[in-house]
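Residues per chain, in single letters:
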Amino acid sequence: MIPRKHHRILVQGITGKQGTFWTNAMQEYGSRIVGGVNPKRAGTEHLGVPVFASAREAAKSTPFDISIMFIPPMMAKAAAIDACEAGAKMLVCLTEHIPAHDVMEMHVAAAANGTQIVGPNTAGLVTPGECFVGIMPGFNHRVFQPGRIGVVSRSGSLGTLVCLNLTQQGMGQSAFYGVGGDPMIGTTSADAVRILDADADTDAIVLCGEIGGSAEEDAAAYAKTMKKPVVAFIAGRQSPPGKKMGHAGAIVAGGKGDYPTKRAALEKAGVAVADTPSGIPGLLKERLASSAA
Amino acid sequence: MNFEEHAAKPLLAKCGIKVPESKLAHDPVEAGRAAEMIGPCVVKAQVPTGKRGKAGGIKLAASADEASSHAEKIIGMEIGGWPVEKVLIEAQTKIDRELYAAIVNDSATKGPMLLFSQMGGMDVEEAAEKDPNAMRRVPFSIIDGLTEEVAREAVAGLGLDAVEDQLVSTLVNLYKAYRALDAELLEINPLVITADNQVVALDCKLTVDDGAAPRQEAIVPLAAPEKRTELEAKAAAEGLKYIELGGSVGVIANGAGLTMTTMDVISHYGGQPANFLEVGGEAYTKAKTALSILLENPNIKSLLVNFCGAFARTDVMAEGVVSAWQELDPDIPIFFTIHGTGEDEAIALVKERLGVEPFDLMDDAVKAAVTAANERASV
C-alpha cells in the first residue's frame, strides 16, 4: 500500500523526544495521527491524541491502518508483534540495530497477521501533498513536490538527495518509498517497485540501490516485465569489499552484492543506470519521452 | 563479531556438541607443554579467516618437540592479512568421513537456514558452486526451531544411518547454540565421523550479530579483534562509522547511502575519497568528534561536507562541524552542500561563522573539493 491522507496512523513511542518531534511534523503536514502508545502514559493525551498501553489496546477504541515505531532496538520485537497482532495493515519500523533473530520473529508475526512491514531501518514513506510516515523531510517543499515519479530507496539520505534533484528539475513525486538499509527487510525494493508499478498516479520509477545483498537484482527481474520506465542509481561503486558501509546490509562479501553485478542485471532488464544522482532526472526525461512516442 | 576457533568451540561444547580436547598456546614453549598433556596433536593457527590449512597454518605433530617446532613456524605467519599470534593444540582425531553443517540467517526467506553437505573439508564452497546438489539448503521457521524431523530429513539418504541419531542431535544442538549466541553464521567444517563412529566438530566458524551485542555481553570480550587502523579504532570507540580509504578528499556526510554516494561522485569527477564517515542516525550530534578524528589523517587535502538531512538535523550537524573547524583551525579548504531538515539555519550558520558559501548542487561542491585537493597535492 501507499500511505494516503485518509489512513489512520498510530505512533508507538509517541511521547519520546523523537516521537514527539516527528509526530508533530507529520501532523503539520497532514498525516492523520489517531493515537500513540506508551505503557507508562496510558490514559493521557499527547499532541492532541490519546495514549494507550499497547497497540492492541488502541485498536479496541481507536482503529488504525498504519503504525510507526519510535522504539529502541532491544524493545522493537515486542512492539512490532503488538502492532501486527493489533491488526496494523502497515508497520513502519524505523529502528536500526534490531537483533536479526528478533527481526525474523517480527516477519513471522507480520505474515500471520497480514501486516506489511516497511523496514527495519527505514526512514519511512512520503506521499507528497498528502502525508508522510517516518523521519523524512516530507514537509520540505524544496525536496518533495507532488508529481508522477515514484522513488524507492534503501537509504533515507540518498532518497532525500534524489527527490531534491527531481524537484529541482520540475519532476514531482507520486510517492517516496524508503525500504530500509537492513539485510532482512519486510518490503523489498522489488516489492516497492511492484507497488508503484500498480499505482495509477505513477508514470515512472527511480530505484536507489546500494551494494550488498541482491535487492537490485530481484528488482531488475521484476523491472523486465514492466511497461513504465525505471531509472536506477546504485551507491557504493567506490566502496571497498568486506566492509559494512554504515548499513548492516551494505557489504560486498565473498564477491557477492558488488556494483558491477547489480548494474549489469539492471541494464540487462532495460533499466537506465545513472552514474551520479544528478544524472537521474535527465535519464527519466529521455525514457518518458521515448515511452510516450 | 567474528570468533576464532578456540573461542567458538567451547561455546559449541556448552550446547552438547562434541569437540576434541585442546589448549591454546601463545609461544612454542607453551605449545610443547600443551602437547605433552594432550599427546599426538594438531597445531592450528588462530586467525578469524578461512583457508588456514592451505596457507600452512595447520600441522600434525606426533610429539611435544614437533608441536613446539610447528608452533615456532606458525606463530608470526600472516594468513589472509592477519598475523598469527596464537595456536590451538588439539588432540588428533581418526577421521572416517568429513561432513559440513551450518546454520545461517537467510535474507531470502527472512529466517534461519540449515546447510548440510556430505562433502565437508577444505573446498566445500567450491564443490557446492560446481554442483548445487552437493549442499542441502533447508530453510525453517524460527518459531518452531530446528526440529528433529527437519534435521533427520536433511541427513537422510547419504549413507549415514550408523550415526544418524548422533547427527540429528548435533544439528539440533547447533541450532540451540545459534539461538543462544544470536549467531548470523554458525558453521562446522569439517563435522567428522570418527573411525569409532563418533560425531565430532573439528572446526567452528562463528559470526555473532553486532545488533545483539547488548544482550551477548558474556561473549563480546571473546570476539576476535576487528581489523582496524588506529583512527578507525578511535572512531569505533566513539560510536562512529569511519573507514579509511587512502584518497585526498575528506568526506563527512549523513546516512550510509549518501556517504557512499558522495565517495562515488568524488571519484566520478576525478578525485579519490580519503574516508567513509557517516554522522547520520543516532550519531548526528557527534559531528565535532567525527571531524577531529577525520582531520588526524595527514592525506586529506580538502574537506567536503554533504548533508541531506532527514532524521539528522542539518543545523545540529553544521553547528558541530563549524565549532570543531574553528577550534581545530585546519590548513585545508572546506566545501559544503546542505539540504533537508534545518537547512536554512545550517546554511546561515556556515556563511556567518566560516564565511563559506555552501553550494546548492552537490556536483558543484564535489568538483570544487576535488579541484582543490588535486591542486594542493601537486604543489
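Residues numbered from 1 in each chain as written. Chains lettered and ligands numbered in written order. Predicted model: local features only at pLDDT ≥ 70, side-chain atom pairs only at ≥ 80, totals over all residues. Heavy atoms only, no water.

Draft legend 1. Representation of the packing of helix α2 (residues 28-38) of chain B against helix α3 (residues 64-74) of chain B within the structure. Residues and elements named next belong to chain B. Direction vectors running N to C along α2 and α3 enclose 150°, while the axes themselves pass 8 Å from each other. Along this stretch, α2 crosses α3, giving a crossing that reads as right-handed. Along its contact with α2, which presents P28, A31, G32, A35 and E36, the element α3 presents A64, A67, S68, A71 and E72. (Axes fitted to C-alpha atoms, helices over the stretch in contact; angles between N-to-C directions. Helix = DSSP H or I, 4+ residues; strand = E, 2+ residues; numbered from the N terminus. Left-handed = near helix turned anticlockwise from the far one by under 90°. Contact = heavy atoms within 4.5 Å.)

Draft legend 2. Summary view of the domain arrangement of chain B. Residues and elements named next belong to chain B. Once the domains are mapped, chain B shows domain 1 (21-91), domain 2 (95-222) and domain 3 (230-378). Placing the centre of domain 1 and that of domain 2 at their C-alpha centroids yields a distance of 25 Å. Across the contact, six residues belong to domain 1 and five residues belong to domain 2. When residues of domain 1 are sorted by the area they lose upon contact with domain 2, K51, R52 and K54 head the list and together hold 65% of the total. Between R52 and D203 there is a salt bridge, with its nearest N and O atoms 2.7 Å apart. Across the contact surface, domain 1 and domain 2 share two residue pairs in polar contact (both at pLDDT 80 or more). Broken down by class, the residue content of the side of domain 1 that touches domain 2 amounts to no nonpolar, one polar and five charged. (Domains from an automatic or database assignment. Buried area = accessible area lost by both parts, 1.4 Å probe. Salt bridge = Lys/Arg side-chain N within 4 Å of Asp/Glu carboxyl O. Polar contact = N/O pair within 3.5 Å; in protein donor to acceptor, adjacent residues only side chain to side chain. Nonpolar A, V, L, I, M, F, W, Y, C, P; charged D, E, K, R; others polar.)

Draft legend 3. Structural context of the pairing of strand β12 (residues 204-210) of chain A. Residue and element names in this part refer to chain A. Of all seven residues that make up β12, seven are buried, and the element is covered over most of its length. The alternating pattern of β12 places A204, V206, C208 and E210 on one face and I205, L207 and G209 on the opposite face, and all of these are buried. Sheet analysis places strand β10 (residues 146-153) next to β12, joined by five bridges and oriented parallel. Of the residues in β12, the one forming a bridge with V151 is V206. (Buried < 20%, exposed > 50% of the residue type's maximum accessible area, 1.4 Å probe, protein only. Pairing = 2+ DSSP bridges.)

Draft legend 4. How the structure looks around the interface of chain A and chain B. Facing the 54 residues of chain A at the interface are 55 residues of chain B. Summed over both partners, the interface of chain A with chain B buries about 4200 Å², with 61% contributed by carbon and sulfur atoms. When the area that chain A buries against chain B is broken down by residue, the three leading residues are H101, M104 and Q238 of chain A, summing to 16%. Inspection of the region where chain A meets chain B yields five salt bridges. Summed over the shared surface of chain A and chain B, the result is 18 residue pairs in polar contact (both at pLDDT 80 or more). By residue class, the composition of the side of chain A that touches chain B is 26 nonpolar, 18 polar and ten charged.

Draft legend 5. Looking closely at the domain arrangement of chain A. All names here are of chain A. Each assigned domain of chain A is listed with its residue range as follows: domain 1 (8-118) and domain 2 (140-292). One C-alpha centre belongs to domain 1, the other to domain 2, and the line joining them spans 27 Å. In this complex, domain 1 contributes ten residues to the contact, which on the side of domain 2 involves nine residues. Contact between domain 1 and domain 2 buries roughly 770 Å² in total, counting both sides, with carbon and sulfur atoms accounting for 52%. Across the contact surface, domain 1 and domain 2 share zero salt bridges. On inspection of domain 1 and its partner domain 2, the count reaches four residue pairs in polar contact (both at pLDDT 80 or more). Going through the elements one at a time, α4 (100-113) and β7 (116-118) are the ones with two or more residues in the side of domain 1 that touches domain 2. Looking at which element gives the most residues to the side of domain 1 that touches domain 2, the answer is α4, with four residues.

Draft legend 6. Focus on unusual backbone geometry. Residues G119 of chain A and P120 of chain A are joined by a peptide bond in cis, for which omega reads 10°. Counting through the fold element by element, P120 of chain A comes out in the loop between β7 and β8 (124-127). With omega at 5°, the peptide bond leading from N189 of chain B into P190 of chain B counts as cis. You can see P190 of chain B is positioned in strand β11 (residues 183-194). The phi angle at N121 of chain A is positive, at roughly 65°, despite the residue not being glycine. As for its placement among the helices and strands, N121 of chain A is situated in the loop between β7 and β8.

Draft legend 7. How the structure looks around the sheet that holds strand β5 (residues 66-69) of chain A. All names here are of chain A. What the seven strands build is an open sheet, ordered β3-β4-β2-β1-β5-β6-β7; its pairing is mixed. In this open sheet, the two strands that pair with only one neighbour each are β3 (45-46) and β7. Two elements, β3 and strand β4 (residues 49-52), share two bridges in a ladder whose sense is antiparallel. Bridged to E45 within β4 is P50.

Draft legend 8. How the structure looks around the environment of A253 of chain B. Looking at the secondary structure, you find A253 of chain B in strand β15 (residues 249-253). Separated by 103 residues in the primary sequence, A253 of chain B and V356 of chain B place their C-alpha atoms 17 Å from one another.

Draft legend 9. Structural view of helix α9 (residues 287-294) of chain B. Residues and elements named next belong to chain B. When we look at burial in α9, the residues that qualify are A287, A290, L291, I293 and L294. Relative to the axis of α9, the buried residues are bounded by an arc of 160° and lie together on one face. Close packing links the buried residues of α9 with α7 (230-237), β14 (241-244), β15, β16 (275-278), β17 (302-309) and α10 (314-328). (Arc of directions from axis to C-beta.)

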